[in-house]
Amino acid sequence: KNQVEQSPQSLIILEGKNCTLQCNYTVSPFSNLRWYKQDTGRGPVSLTIMTFSENTKSNGRYTATLDADTKQSSLHITASQLSDSASYICVVSDRGSTLGRLYFGRGTQLTVWP
Amino acid sequence: EADIYQTPRYLVIGTGKKITLECSQTMGHDKMYWYQQDPGMELHLIHYSYGVNSTEKGDLSSESTVSRIRTEHFPLTLESARPSHTSQYLCASSGTPGTDTQYFGPGTRLTVL
């Protein structure tokens, strides 16, 4: 069964600190992996996208890594800001259909305290 | 910021009422999607469309229906709302050349009393 598991479920950190969010998946065949940020009451916004051959991708203070062999990804946030408080969702796409089916994790709820 | 819009943003309605959630995008995307999301849970695909006059059911069974008469418009309708329909509904679209990234609207938070 294709699944995406994220950990931790929730995380609280102080402003300025770094943190790392984890994503494990069993989706096969694999096409790409995205990290989305979803602010409360808003739709998800894409942060990074990685294909099978990419190990790391950065977007400002966000750095995503991918190990396609172990089917694991991480999202590292450096020098956190209050505006980083949101749910971070790992999304894996398969290439087994023309739709490019997406599998969503439940997200990690990050809270940044001043 | 993606050019995809949803109205209303919030809706509180009584059981048995017919409702339509609006979704429109100005990016010229062919593919559009409706997702349902409960708090702390993953998004579930309930409907999608490849283009005008094309609609398909998603993975999660839903009593809602959709239509795609125009490229930019993908409304979702519930003929008779029930409390079990209370949820957040997210609309998305994709089709930007070079990427299959889905761009999401802000969502509609539906509460059925």
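## Here's the deal with the overall build of chain A
Tallying secondary structure elements over chain A gives zero helices and eleven strands in all. Taken over the C-alpha trace, chain A has a radius of gyration of 14 Å; the compact-globule value for 114 residues is 13 Å, and the two agree within 12%. Taken over the C-alpha atoms alone, chain A extends approximately 45 × 30 × 20 Å along its principal axes. Separation of charge centres in chain A, based on 11 positive and 8 negative side chains, amounts to 5 Å.

## Here's the deal with the environment of T71 of chain B
Residue and element names in this part refer to chain B. Along the polypeptide, T71 turns up in the loop between β7 (65-66) and β8 (76-78). Spatially, the C-alpha atom of T71 lies 7.3 Å from that of H29, the residues being 42 residues apart in sequence. Apart from residues no more than four positions distant in its own chain, T71 is found in contact with Q25, G28, H29, M32 and V52.

## Notes on the confidence of the model for chain A
With 96% of its residues at a pLDDT of 70 or more, chain A has an overall mean of 92. Taken element by element, the predicted model of chain A shows its lowest mean pLDDT in strand β10 (residues 102-104) of chain A (90) and its highest in strand β8 (residues 72-77) of chain A (98).

## Section: the environment of F104 of chain A
Tracing the chain through its elements places F104 of chain A in strand β10. As for F104 of chain A and V4 of chain A, which are separated by 100 residues in sequence, their C-alpha atoms are 6.2 Å apart. What F104 of chain A contacts, discounting residues up to four positions off in sequence, is V4, I89, C90 and V91 of chain A together with Y35, E42, L43 and F104 of chain B.

## Thoughts on the nonpolar core
Generally speaking, a soluble globular protein has its nonpolar side chains buried in company with each other. V4, Y25, L33, W35, L75, Y88 and V92 of chain A are the most contacted members of the largest nonpolar core, which totals 25 residues. Look past the residues within four positions of V4 of chain A in its chain and what remains in contact with it is C23, N24, Y25, V27, C90, V92, Y103, F104 and G105 of chain A. Core analysis: the next-biggest nonpolar cluster, separate from the first, contains 17 residues, I13, A81, Y89 and C91 of chain B among them.

## Considering the layout of surface pockets
By volume, the largest pocket is sized at about 450 Å³. Together, 20 residues line the largest pocket, and N2, Q3 and F104 of chain A together with E42 and H44 of chain B are the ones closest to its centre. Of the residues in the lining of the largest pocket, the class split is eight nonpolar, six polar and six charged. Put simply, the second largest pocket is a space of about 390 Å³. Lining the second largest pocket are 21 residues, and of these S87 and Q109 of chain A together with Q37, P39 and G40 of chain B lie nearest its centre. Counting only elements with at least two residues in the lining of the second largest pocket, the list comes to β9 (86-94) and β11 (108-113) of chain A. At three residues, the largest contribution of residues to the lining of the second largest pocket is made by β9 of chain A. Across the lining of the second largest pocket, the residue classes break down as four nonpolar, twelve polar and five charged.

## Some remarks on the confidence of the model for chain B
Per-residue confidence for chain B averages 92 on the pLDDT scale, and 98% of its residues sit at or above 70. Ranking the helices and strands of chain B by mean pLDDT puts strand β3 (residues 19-25) of chain B first, with 97, and strand β6 (residues 54-57) of chain B last, with 92.

## With respect to the pairing of strand β3 (residues 19-25) of chain A
Residue and element names in this part refer to chain A. Burial of β3 is one-sided: the residues C19, L21, C23 and Y25 facing one way are buried, the residues T20, Q22 and N24 facing the other way are not. When strand β1 (residues 4-7) meets β3, the two strands line up antiparallel, connected through four bridges. Counted as the bridge partner of V4 is Y25 from β3. Both β3 and β8 contribute to a ladder of six bridges, which runs antiparallel. When the bridges of β8 are listed, T20 appears paired with H76.

Conventions and cut-offs
- All residue numbers refer to position in the chain's written sequence, counted from 1.
- Whichever chain is written first becomes A and whichever ligand is written first becomes 1, with later ones labelled in order.
- Per-residue local features are limited, in this predicted model, to residues with pLDDT of at least 70; the limit for side-chain atom pairs, both in listing and counting, is 80 or more; totals at the level of whole chains, interfaces and linings are taken over all residues.
- The side-chain quantities take in all heavy atoms of the structure and omit both hydrogens and water.
- The secondary structure listing takes helices from DSSP runs of H or I that are at least 4 residues long and strands from runs of E that are at least 2 residues long, numbered from the N terminus.
- Here the globule rule reads 2.2 Å times residues to the power 0.38, and the radius of gyration is calculated from C-alpha atoms.
- When charges are tallied, Lys and Arg are placed among the positive residues and Asp and Glu among the negative ones, while His and the ends of the chain are skipped.
- Here the site of a charge means NZ on Lys, CZ on Arg, CG on Asp, or CD on Glu.
- Residues are treated as being in contact if the distance between any of their heavy atoms lies within 4.5 Å.
- pLDDT expresses how confident the predictor is about each individual residue, on a scale running from 0 to 100.
- Note on terminology: a nonpolar core comprises buried Ala, Val, Leu, Ile, Met, Phe, Trp, Tyr and Cys residues joined through side-chain atoms within 4.5 Å.
- Between buried and exposed lies partly exposed: a residue is buried under 20% and exposed over 50% of the maximum accessible area for its type, with that area taken using a 1.4 Å probe on protein chains only.
- The rule is simple: put a 1 Å grid over the protein atoms alone, call a set of points where a 1.4 Å probe fits but cannot get out a cavity, call an open set with protein on both sides within 12 Å along at least five of seven lines a pocket, and count a residue as lining if it has an atom within 4 Å of a point.
- Grid points are joined across faces, edges and corners, and a volume is the space filled by probe spheres set on the points.
- Residue polarity follows a fixed list, in which Ala, Val, Leu, Ile, Met, Phe, Trp, Tyr, Cys and Pro are nonpolar, Asp, Glu, Lys and Arg are charged, and the others, Gly among them, are polar.
- Note on pairing: two strands pair once DSSP finds at least 2 bridges between them.

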